[in-house]
Amino acid sequence: PILVVNMGEHGLEQDVTKLIGVASGYVGYANGGLLTNFVLENPRCIIVFDELEKAHTSINKILLSILDKGVCRDNKNREVFFDQTLFVATTNLGASIEYETHLTEDEKFRYRMEIIKDKFAPEIINRYDNIFQFQPLTHETYGSIVRKFMKQLSDIAKKRNKFEINSTDALIEFATKHSYDPAMGGRPARRFIEMIILQPLAFKLLDQDVFEQIIANGELLVDYQDEKIIFKLNDVVI
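A few points on the structure. (Residues numbered from 1 in each chain as written. Predicted model: local features only at pLDDT ≥ 70, side-chain atom pairs only at ≥ 80, totals over all residues. Heavy atoms only, no water.)

## Considerations on the sheet that holds strand β1 (residues 2-6)
Two orientations exist for strands paired in a sheet by backbone hydrogen bonds: parallel and antiparallel. Pairing is parallel across the open sheet formed by 3 strands, whose spatial order is β1-β2-β5. Only two strands of the sheet have a single partner each, and these edge strands are β1 and β5 (85-89). Across the sheet, the mean angle separating the axes of adjacent strands is 15 degrees when strand polarity is ignored. Here 5 bridges tie β1 to strand β2 (residues 45-50), and the two strands are oriented parallel to one another. Looking at β2, one finds that L3 is bridged to I47. (Pairing = 2+ DSSP bridges. Helix = DSSP H or I, 4+ residues; strand = E, 2+ residues; numbered from the N terminus. Axes fitted to C-alpha atoms, helices over the stretch in contact; angles between N-to-C directions.)

Written out as structure tokens, the structure reads:
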């Protein structure tokens, strides 16, 4: 089992305490802790602290005990053992270095490590067995992400309204070129598709005649021609 904890939701000290359970007398005491409850039920598991840098610094007290001794106590004074648990922490610290195209990969690596060391205490960094730095997505890989999101959009349309959405290579290339950001990963692809395709398409579907034609045809083509996004139904622009 895998538990992914969005550390952006634990920016306050009281949010961090929810991982092991709030103190007696506070609302939610009976619920126990998000982290400790999960490990008690699933001793052999993977815990992912997503964007660890966004958590309140009080997370260090919890992590030091868990990562060093492999055990901590929850709010009900129960011992929770983490000796069969794999911890993974992610961070976007240093991502902006990708905009510095004049730097070598070794220089970027050192820069990221300096940023990480400035943010996290040495004793926390030393508790992790390895630190991996991921390279930015290539244009080719990013293009495949754009195709994936377009397929997801088509799957939703097929499930809800019984029609497919097909896209041309020209559209994929346009979306890839104009939404790619080396420091932002694949998320801009989804936002760009929502902006240039999903929103305009939603307005078109409000036209009952157009909606019925698309349903009857069972397929809609999205293309990029003459520097604009167009929607085609049987080779006719709608």
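Moving on from the model shown.
## Focus: the pattern of salt bridges
The full count for this structure, using the stated rule, is 12 salt bridges. Its salt-bridge partner being E98, residue K108 comes within 3.4 Å of it at the nearest N-O pair. Of this pair, K108 sits in helix α4 (residues 105-119) while E98 sits in the loop between β5 and α4, and the two are 10 residues apart along the sequence. Residue E105 pairs with K108 through a salt bridge whose shortest N-O separation is 3.9 Å. Taken together, the positions of E105 and K108, both in helix α4 and 3 residues apart, correspond to about one turn of that helix. In this structure E105 comes out as partly exposed when scored by relative accessible area, which is 40%. (Salt bridge = Lys/Arg side-chain N within 4 Å of Asp/Glu carboxyl O. Buried < 20%, exposed > 50% of the residue type's maximum accessible area, 1.4 Å probe, protein only.)

## Thoughts on the nonpolar core
Grouped together as the largest cluster of nonpolar side chains are 29 residues, with contacts concentrated most on M7, L35, I47, F49, L63 and F82. Mapped by element, the contributors of at least two residues to this core are β1, α2 (34-41), β2, α3 (59-69), α4 and α5 (122-125). The element best represented in this core is α3, accounting for 5 residues. Contact partners of F49, with chain neighbours within four places excluded, come to V5, M7, L35, L63, F87, V88, A89 and T90. Grouped together as the second largest cluster of nonpolar side chains are 26 residues, I145, V210, L220 and V222 included. (Core = buried A, V, L, I, M, F, W, Y, C linked by side-chain atoms within 4.5 Å. Contact = heavy atoms within 4.5 Å.)

## A look at the packing of helix α6 (residues 139-161) against helix α7 (residues 169-179)
Contact geometry of α6 with α7 gives a least axis separation of 9 Å together with a crossing angle of 120 degrees. Classified by the angle their axes make, α6 and α7 are oblique. The way α6 lies across α7 gives a crossing that is right-handed. Contact with α6, carried on its side by H139, Y142, G143, V146, R147 and M150, involves D169, L171, I172, A175, T176 and S179 of α7 and no other residues of that element. Of the residues belonging to the contact of α6 with α7, the class tally is 6 nonpolar, 4 polar and 2 charged. (Parallel < 35°, antiparallel > 145°, perpendicular 65-115°, else oblique. Left-handed = near helix turned anticlockwise from the far one by under 90°. Nonpolar A, V, L, I, M, F, W, Y, C, P; charged D, E, K, R; others polar.)

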